[in-house]
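Residue-level structure breakdown
As a plain string of letters, each chain reads:
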Amino acid sequence: MPLIKDTVPPPIPLNRSSLQGNELSYVQEAVSTGHSASKGPFSNRVADLLRTELEAADILLTTSCTTALELSAMLLNVQPGFNVIVPSYAFVTTASAFARSGAELRFADIDPVSLCIDPDSVGALIDSSTRAIVPVHYGGMAADIDRLTQLIEVHGDSNIVEDNAHGLFGSHGDSPLGSFGRFSTLSFHETKNFSCGEGGALVINEKRDVARAHTLYDKGTNRAAFLDGRVDRYTWIEQGSSFGMSDLLAAFLLGQIEQRTGVMGRRQKLFTRYHKQLSPLEAGLGIEVPPISETHRSAYHTFYVLVSGEGRRDAVLQELNESGIGAPFHYQPLHRSEGAQPWVKRKFDCPISDSVSNRIIRLPFFDALTDSEFNRVAETLTGALRHTA
Ligand SMILES: *Cc1c(COP(=O)(O)O)cnc(C)c1O
């Protein structure tokens with residue numbers, strides 16, 4: 001008997017990256033110019049574009065957001081004796097990048113509405129040895145930058161490093177996300193809004209850090225000063241590493257980022273569509289949808305629902321996954337993770353991180369999601385929520 005293949009609809013992933021236009025022709029051009037290492041012509045074009053958009057002192061393209069966070073830890077001279085405050089509900093490397101430099105990790109809880117680091121929780125952890133606070137703009141919505149800034153003003157040696165992996169082209173008031181911290185970091189991993197497979201950037205917001213950032217980025221040498229003619233030979237100055245993004249990847253990335261207006265418009269439309277469909281059902285289905293801010297522009301990285309009742313989420317996820325819909329949960333609370341234990345000196349209580357981690361469902365969210373895929377996701381989710389209500 002012939003197999004009937006078309007009874008099972010094709011799976012819908014959480015994320016599917018797509019070409020926006022010039023990526024492949026730029027890569028071809030980058031190959032033919034012969035400069036394929038870091039700091040090449042395409043890297044300069046991406047850095048110029050991001051420097052303008054983010055109002056930054058300088059931009060260094062890196063191999064990942066993780067290495068950009070590691071570079072920020074080196075620039076802040078993070079070492080044993082210092083502590084760094086990170087949200088428990090965050091990506092592993094938001095914390096591990098600072099543990100590598102020997103910092104004590106302190107885990108703050110998150111705000112139950114924004115899912116971003118809770119300033120009250122930070123206030124209970126900060127002291128004179130705090131070197132950095134690392135907010136994540138979860139899903140592309142701004143963390144409470146105003147209150148975090150007030151906290152570091154009281155504790156003079158601490159700094160904000162924004163892990164802006166989700167928030168590129170979002171804003172807090174009139175200012176871009178990523179422009180508030182002394183440093184901020186970006187990710188161009190395949191799962192992010194703009195991608196070159198693997199990649200990231202360090203955003204340097206203060207002039208005083210630019211020269212040293214280039215030294216550490218250039219393997220600890222004064223190569224940048226040499227190329228500018230400021231020194232007559234280049235040598236090893238201090239500890240650094242190899243952080244640079246290949247110009248071949250920067251070429252691909254430029255093809256993505258130059259289409260930012262269209263990409264962001266489509267992501268906003270999809271977010272609004274999920275929101276319109278699901279927010280009237282919040283009470284009936286026992287869910288919460290992400291808030292929409294009047295004052296801050298989201299970068300629309302994710303759409304999620306928080307399911308009421310802790311046991312229910314896994315049953316809903318199972319139905320979605322059986323229907324071929326890629327709806328993972330993510331972020332196991334870091335304060336409970338095994339890897340964090342050597343770097344902590346006390347117990348942390350992060351009940352909101354624990355609860356959100358057990359109740360969140362992220363929905364397929366990418367700019368090429370079709371109408372019929374959207375409808376299938378919305379119907380399957382609604383059905384699964386009804387069965388489990
Ligand atoms: C994806 C992500 C990272 C890591 O990005 P890479 O480029 O893969 O290193 C860090 N922090 C957050 C919040 C992320 O979502």
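What you are looking at is a predicted structure, and each value in this text was computed from that prediction instead of being measured. (Residues numbered from 1 in each chain as written. Predicted model: local features only at pLDDT ≥ 70, side-chain atom pairs only at ≥ 80, totals over all residues. Heavy atoms only, no water.)

**Examining the overall build of the chain**
On a plain count of helices and strands, the chain comes out with 14 helices and 12 strands. If one aligns the C-alpha atoms of the chain with their principal axes, the spans along those axes are about 75 × 55 × 45 Å. Counting only residues that meet the buried cut, the chain has 55% of its 389 residues in that class. In the chain, the proportion of contacts linking residues at least 24 apart, taken out of those at least 6 apart, comes to 71%. For the chain, the accessible surface area stands at approximately 17,200 Å², while carbon and sulfur atoms represent 52% of it. Of note, the chain has its 35 positive side-chain charges centred 3 Å away from the centre of its 45 negative side-chain charges. (Helix = DSSP H or I, 4+ residues; strand = E, 2+ residues; numbered from the N terminus. Buried < 20%, exposed > 50% of the residue type's maximum accessible area, 1.4 Å probe, protein only. Contact = heavy atoms within 4.5 Å. Areas by Shrake-Rupley, 256 points an atom, 1.4 Å probe, with all protein chains shown as cover. Lys, Arg positive; Asp, Glu negative; His and termini not counted. Charge placed at Lys NZ, Arg CZ, Asp CG, Glu CD.)

**Topic: the pairing of strand 2 (residues 83-87)**
Of all 5 residues in strand 2, 5 are buried, a share of seventy percent or more. Relative to strand 3 (residues 104-108), strand 2 runs parallel, the two being bridged by 5 bridges. Bridging across to strand 3, Ile85 finds its partner in Arg106. For the segment spanning strand 2, helix 4 (residues 92-99) and strand 3, crossover handedness is right-handed. (Pairing = 2+ DSSP bridges. Right-handed = clockwise from strand over helix to strand, strands pointing away.)

**Observations concerning the side chain of Glu373**
Within the element layout of this structure, Glu373 appears in helix 14 (residues 371-388). Setting aside its immediate chain neighbours within four residues, Glu373 contacts Ile12, Arg16, Phe366 and Ala368.

**Brief notes about the site of the ligand**
Near the ligand lie 15 residues; those nearest to it are Thr66, Asp163, His166, Ser187 and Lys192. When isolated, the ligand has an accessible area of 380 Å², and the protein chains bury 93% of it. Looking at the shell around the ligand residue by residue, the classes come out as 5 nonpolar, 8 polar and 2 charged. (Near = heavy atom within 4 Å. Nonpolar A, V, L, I, M, F, W, Y, C, P; charged D, E, K, R; others polar.)

**Remarks on unusual backbone geometry**
Negative phi characterises most residues that are not glycine, and trans characterises most peptide bonds. Backbone geometry places Lys39, a non-glycine residue, at a positive phi of 55 degrees. Checked against the element boundaries, Lys39 lands in the loop between helix 1 (23-33) and helix 2 (41-54). Residue Lys39 is classed as partly exposed on the basis of its relative accessible area of 23%. Located in the positive-phi region is Lys219, a residue other than glycine, with phi close to 60 degrees. As for its placement among the helices and strands, Lys219 is situated in the loop between helix 7 (210-217) and helix 8 (223-227).

**Here we look at the sheet that holds strand 8 (residues 183-187)**
Reading across from one edge, 1-9-8-5-4-2-3 is the order of the 7 strands in this open sheet, with mixed pairing throughout. In the strand order of this sheet, the two ends are held by strand 1 (58-62) and strand 3, each with one partner. Averaged over neighbouring strand pairs, the angle between their axes works out to 20 degrees when direction is ignored. Examined bridge by bridge, strand 2 and strand 4 (residues 130-133) share 3 bridges and lie parallel to one another. Residue pairing for strand 4: Ile85 is matched across the bridge by Ile133. Helix 3 (residues 65-75) rests against strand 1, strand 5 (159-163), strand 8 and strand 9 (200-204) of the sheet, and its axis sits at about 165 degrees to strand 8. (Axes fitted to C-alpha atoms, helices over the stretch in contact; angles between N-to-C directions.)

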